[in-house]
Amino acid sequence: MARDKALKLLNTRDPALKGLLEVPEEEYMYSGHNACPGCGAAQAMRFVLKALGNQTINVLAASCWSGIAGVFPYSALKIPVLHTAFETAAAAASGVRASLDMQGDKETVVLAWAGDGGTFDIGLQALSGAGERNEDILYVCYDNEAYMNTGVHRSSATPYLAWTATTPVIHPQDRPKKDILAIMAAHRIPYAATASVAFPHDLIEKAGKAKGIRGTRFLHIYSPCTPGWRYSPELGIKIARLAVESKVFPLYEVEGGERYTLSYRPRAVPVREYLRLQGRFDHLREEEIGLIQEEVDRRWERLLRWCT
Ligand code: SF4
């Protein structure tokens, strides 16, 4: 009862916690997984499975999650898992879907799960093929903005001027992050959306909506990484919330590749507030922070035009 009261209070004061009381209590992850403390990827899986339930098969591409899930015969998940190669999440999931269809099973959800490296870079060809064929799969990209499982190596999801082990400060990442949602929208798939582990109700709602749609669905989930972004574990959710509130990572949906809908209107916090909590941006100079702010504002205006 005290917990319910506290959550009700939180719900009225904080829009990010809206609907927290309706989050399903059922868990499909065991507590003894292998993620680092403060890992957003672990939270992303936990929330998505709350929406999908246990009639789900997880096709897991090589990524941090291969380690988090554990090595056979151990598993951190209470649903069947098919571990697959880095580039094959969408292709393997398409195969699992075809097999289920041949058995007359239209109900089981096939969940392809990959990080940004396995989605933006290595697995993009398989993902594009699945999207173009409109395979009946739900593809989730948990985005921690680098190859964290190989030692914080740059991916095409790494943000402009961020430090990684392969883009050190003397030669930082000088290209903008790839717009994966626009790429998936261009495939005219039925449903694509961004979500964040800092907005669990929104995330679970979107995963539940995707579950009820046939064809290729794509969720892009913002997932902080403790060692890769160089923050203290208790700050992960705060950083994820600031990413949304500063418009660095807006929450929105795209239906049929054309209908854009904003899910949450941010408070327009200066991007500096978001950057300063992460060691990967420690080296930034004033003018560089200004450049990032300009780019964030420009992309936000573009998103608003698409939404109207
Ligand atoms: S390295 Fe990052 S993504 Fe990988 S388990 Fe640790 S916190 Fe999670």
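Residues numbered from 1 in each chain as written. Predicted model: local features only at pLDDT ≥ 70, side-chain atom pairs only at ≥ 80, totals over all residues. Heavy atoms only, no water.

Once that is clear, we can look at the site of the ligand. The environment of the ligand is made up of Ala35, Cys36, Cys39, Cys64, Ile68, Asn144, Met148, Cys225, Thr226 and Pro227. Only α3 (64-69) and α9 (226-229) provide two or more residues apiece to the shell around the ligand. Partitioning the shell around the ligand into residue classes produces eight nonpolar, two polar and no charged. (Near = heavy atom within 4 Å. Helix = DSSP H or I, 4+ residues; strand = E, 2+ residues; numbered from the N terminus. Nonpolar A, V, L, I, M, F, W, Y, C, P; charged D, E, K, R; others polar.)

Attention shifts here to the sheet that holds strand β4 (residues 138-143). A sheet is described by the order of its strands in space; here eight strands give the open sequence β2-β1-β3-β4-β6-β5-β7-β8, paired in mixed fashion. Pairing within the sheet leaves two strands with one partner each, and these edge strands are β2 (81-84) and β8 (259-262). Between one strand axis and the next, the sheet turns by 20 degrees as a mean value, whatever way the strands run. Across four bridges, strand β7 (residues 252-255) lies against β8 in antiparallel orientation. Across the sheet, glutamate 255 pairs through a bridge with arginine 259, a residue of β8. Packed onto the sheet, helix α4 (residues 89-102) meets β1 (56-61), β2, β3 (109-115) and β4 and runs at close to 170 degrees relative to β3. (Pairing = 2+ DSSP bridges. Axes fitted to C-alpha atoms, helices over the stretch in contact; angles between N-to-C directions. Contact = heavy atoms within 4.5 Å.)

Applying the stated criterion across every chain yields a total of 22 salt bridges. Note that glutamate 135 and arginine 133 form a salt bridge whose closest N and O atoms lie 2.7 Å from each other. As a salt-bridge pair, lysine 177 and aspartate 143 come within 2.5 Å of each other at their nearest N and O atoms. You can see lysine 177 sitting in the loop between β4 and α7 (180-186) and its partner aspartate 143 sitting in strand β4, a full 34 residues away along the chain. One salt-bridge network, held together by shared partners, links Asp143, Glu145, Lys177 and Arg280. (Salt bridge = Lys/Arg side-chain N within 4 Å of Asp/Glu carboxyl O.)

Everything listed here is a matter of coordinates, which is why it stays silent on function.
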